[in-house]
Amino acid sequence: MSDSFAGLGLSAELTRAVSEQGYAHPTPVQAQAIPVILSGRDVLAGAQTGTGKTAGFALPLLQRLALHGSTSTSPARHPIRALILTPTRELAAQVEESVRTYGKYLPLRCAVIYGGININPQIEALRRGVDILVATPGRLLDHVQQKTVQLAHVQILVLDEADRMLDMGFIRDIRRILALLPAKRQNLLFSATFSNEIRDLADSLLHDPAQVEVARRNAESELVSQRVHPVDQARKRELLAHLVGSGNWQQVLVFCRTKHGANRLAQQLSRDGLEADAIHGNKSQPQRVRALKGFKDGVVRVLVATDVASRGLDIEELPHVVNFDLPHVPEDYVHRIGRTGRAGISGEAISLVSPEDQSLLAPIEKLLGRRLERHTVPGFEPGKAAPAAQVAVRTTSTAERRDGARRRARVSGSPARIGADAGRRKRTKQPSSDRRASDTRERAPQRSKPARGQQHPRPAPRDPVGGKRKQVPALLGGSTRSAE
Ligand code: AMP
């Protein structure tokens with residue numbers, strides 16, 4: 001196996017683009033996947049997010065398509081030849097950005113389409129011609145229905161985070177899309193976990209696939225140190241604030257089970273003087289983009305997310321992940337902690353576990369095949385009442401809280417614009433597609449059957465997360481990018 005991108009058989013245009021990204025060596029999944037994809041074989045890859053899997057399929061895909069690349073502006077010269085399906089809008093946007101970045105020196109066009117935003121710019125983009133289309137299944141089928149997308153020339157299909165697509169009930173959509181593709185094509189299936197359903201899908205989709213396995217089956221990242229803090233449910237927020245403050249954490253992703261819980265926690269933390277925001281499926285597209293940007297830029301210190309919303313978030317070097325609630329589906333624990341310990345950087349995953357949560361912890365430990373270390377934080381022992389000083393956090397006035405926040409900010413070195421904002425934030429009217437799921441529970445993962453409305457041809461819960469500014473295809477080579 002080569003330890004250089006050129007040694008894997010990638011062209012000068014692609015190696016130049018990756019070296020501009022600062023990638024010195026291929027990651028293990030890239031070293032394994034790139035040569036077999038270049039050879040034209042189908043691939044079944046077990047790779048978690050954070051392993052560099054996107055470049056693992058995007059680079060060889062670009063190289064294969066570059067053989068037919070054209071600088072012509074004629075749409076006829078840019079039929080969709082690669083289709084990349086992802087479970088969430090956020091992931092779709094990130095994958096498209098990666099494809100665009102890696103392919104910047106090639107005459108290929110790419111575009112991304114997902115739900116929750118105006119379809120017309122997407123129609124316009126497709127009309128102009130696209131070589132590589134990144135899409136979420138639901139919105140792609142909207143385009144199919146409106147006859148605004150042509151899939152008859154697809155040569156390469158990628159199912160990214162296939163396990164998540166099945167969890168979210170997309171299997172019927174995927175099968176409908178598969179039926180629209182030419183029979184002769186290359187198929188690449190990437191999945192972090194391998195349930196029997198994934199194996200069934202792989203069996204029906206892939207022909208003599210090369211197997212690429214860089215993470216153990218259902219493995220958690222080895223770079224993540226994991227710990228359980230036993231604590232009473234009612235004191236989780238205090239403990240979280242204490243951990244963030246005492247550890248001087250500047251960037252922490254916190255998981256809640258429900259949208260409502262995520263909103264409430266973000267608001268309470270803001271009132272406690274910590275810059276916090278929430279990201280979940282009921283947030284409008286601009287709200288999600290703003291929250292994520294604030295978090296990436298370091299303005300938002302605590303981002304509270306639901307499982308669905310978190311999928312696909314690629315935040316480099318994220319040091320801390322906290323499970324405020326444990327997930328109902330044990331595999332989600334692995335996905336959650338995969339947000340940290342990415343690309344070789346070590347991270348810390350902490351679970352706040354109340355006595356009521358014990359029944360959720362056991363299946364997670366069973367999946368991991370080991371018991372997680374318990375550490376009771378002094379002062380937060382379960383069954384012990386909050387000391388007066390901690391109760392006061394909830395009862396101080398806004399002015400006092402702001403002063404406290406400023407003090408904490410000075411200690412931590414973070415900006416002092418803290419706290420009171422949250423109370424001023426108005427509830428924004430949500431677009432209807434984002435309001436579909438109730439405000440109490442983020443979409444429940446689907447194990448076998450998709451959750452479909454009777455009259456609605458697609459599952460109501462789809463494409464929950466967004467975050468992309470560009471919907472118009474661009475020539476990857478840059479100079480003739482049509483719009484951004
Ligand atoms: P992914 O698993 O595709 O979500 O990638 C995770 C992160 O690793 C992204 O931020 C990539 O930019 C980064 N990355 C991908 N390939 C490499 C590489 N060969 N060297 C260093 N970082 C990489």
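About the cut-offs
Residues numbered from 1 in each chain as written. Predicted model: local features only at pLDDT ≥ 70, side-chain atom pairs only at ≥ 80, totals over all residues. Helix = DSSP H or I, 4+ residues; strand = E, 2+ residues; numbered from the N terminus. Buried ≥ 20, exposed ≤ 12 C-beta atoms within 10 Å, placed from the backbone. Contact = placed C-beta atoms within 7 Å. Pairing = 2+ DSSP bridges. Core = buried A, V, L, I, M, F, W, Y, C linked by C-beta atoms within 7 Å. Expected span 1.5 Å × (residues − 1). Axes fitted to C-alpha atoms, helices over the stretch in contact; angles between N-to-C directions. Parallel < 35°, antiparallel > 145°, perpendicular 65-115°, else oblique. Left-handed = near helix turned anticlockwise from the far one by under 90°. Nonpolar A, V, L, I, M, F, W, Y, C, P; charged D, E, K, R; others polar. pLDDT = per-residue confidence, 0-100. Right-handed = clockwise from strand over helix to strand, strands pointing away.

### Remarks on the overall build of the protein
Item 1. Scanning the protein from N- to C-terminus turns up 19 helices and 15 strands.
Item 2. When the 484 residues of the protein are sorted by exposure, 49% land in the buried category.
Item 3. Looking at the protein alone, contacts between residues at least 24 apart form 78% of all its contacts between residues at least 6 apart.

### Brief notes about the pairing of strand β4 (residues 132-135)
Item 1. Burial of the side chains of β4 extends over both faces: I132 and V134 are buried on one face and L133 and A135 on the other.
Item 2. Examined bridge by bridge, strand β3 (residues 109-113) and β4 share 4 bridges and lie parallel to one another. Counterpart to A111 in the pairing with β4 is L133.

### Focus: the nonpolar core
Item 1. Counting 68 residues, the largest nonpolar core has A45, L62, L85, L133, V134 and A135 as its most contacted members.
Item 2. Dropping the residues within four chain positions of it, L133 is found in contact with I80, L83, A111 and I113.
Item 3. If you look at the next biggest cluster of nonpolar residues, it comprises 43 residues, including V254, A262, L274 and A276.

### So, helix α11 (residues 259-271)
Item 1. With 13 residues, α11 extends 18 Å from end C-alpha to end C-alpha; this agrees with the ideal 18 Å at 1.5 Å per step.
Item 2. Among the residues of α11, those classed as buried are K259, G261, A262, N263, L265, A266, L269, S270 and R271.
Item 3. Just downstream of α11, G273 is the residue with a positive phi angle, here 100°.

### Describing unusual backbone geometry
Item 1. Not every positive phi belongs to a glycine, and K147 is a case in point at roughly 55°.
Item 2. You can call K147 exposed: it has 7 C-beta atoms within 10 Å.

### Things to note about the packing of helix α3 (residues 53-66) against helix α4 (residues 89-102)
Item 1. Orientation of α3 relative to α4, taken along the N-to-C sense of each, is 45°, at an axis distance of 10 Å. Relative to α4, α3 is oriented oblique. Crossing of α3 against α4: the hand is right-handed. Across from T54, A55, A58, L59 and L62 in α3, the residues of α4 making contact are V95, S98, V99 and Y102.
Item 2. A class-by-class count of the residues in the contact of α3 with α4 yields 7 nonpolar, 2 polar and no charged.

### What to know about the confidence of the model for the protein
Item 1. On average, residues of the protein score 77 in pLDDT, and 73% of them reach the 70 mark or higher.
Item 2. In this model residues 389-484 is a low-confidence stretch, pLDDT under 50, and it forms 182 contacts with partners more than four residues away in sequence or in other chains.

### What to know about the pairing of strand β11 (residues 302-305)
Item 1. A two-sided burial pattern is seen for β11, the buried positions comprising V302 and V304 on one face and L303 and A305 on the other.
Item 2. Across 4 bridges, strand β9 (residues 252-255) lies against β11 in parallel orientation. Residue pairing in the sheet places V254 in a bridge with V304 of β11.
Item 3. One ladder, built from 4 bridges, connects strand β10 (residues 276-279) with β11; its direction is parallel. Bridging from a neighbouring strand, A276 pairs with V302 of β11.
Item 4. Between the parallel pair β10 and β11, the chain is carried across by helix α12 (residues 285-297), and the sense of this crossover is right-handed.

### Remarks on helix α6 (residues 137-145)
Item 1. Among the residues of α6, those classed as buried are P137, G138, R139, L140, L141 and D142.
Item 2. Those residues of α6 hidden inside the fold are in contact with β2 (82-85), β3, β4, α7 (162-167) and α8 (171-178).
Item 3. With its phi angle positive at about 55°, K147 sits one or two positions after the end of α6.

### So, the environment of L205
Item 1. When you line up the elements, L205 lands in helix α9 (residues 196-205).
Item 2. Accessibility expressed as a C-beta count within 10 Å gives 19 for L205, which makes it partly exposed.
Item 3. Taking the C-alpha atoms as reference points, L205 and N187, 18 residues apart in sequence, are found 7.2 Å from one another.

### Description of the environment of R81
Item 1. Along the chain, R81 turns up in the loop between α3 and β2.
Item 2. C-alpha separation for the pair R81 and H153, spaced 72 residues apart in sequence, amounts to 5.5 Å.
Item 3. For R81, the contacting residues outside a window of four places in its chain are L65, H68, D131, H153, V154, Q155 and I156.

### A word on the packing of α6 against α8
Item 1. At a closest axis distance of 10 Å, the pairing of α6 and α8 adopts a crossing angle of 45°. Judged on the interaxial angle alone, α8 and α6 are oblique. As for the relative orientation of α6 and α8, their crossing is left-handed in sense. Contacts between α6 and α8 involve P137, G138, L140 and L141 from the former and D173, I174, R176 and I177 from the latter.
Item 2. In the contact of α6 with α8, the residues fall into 5 nonpolar, 1 polar and 2 charged.

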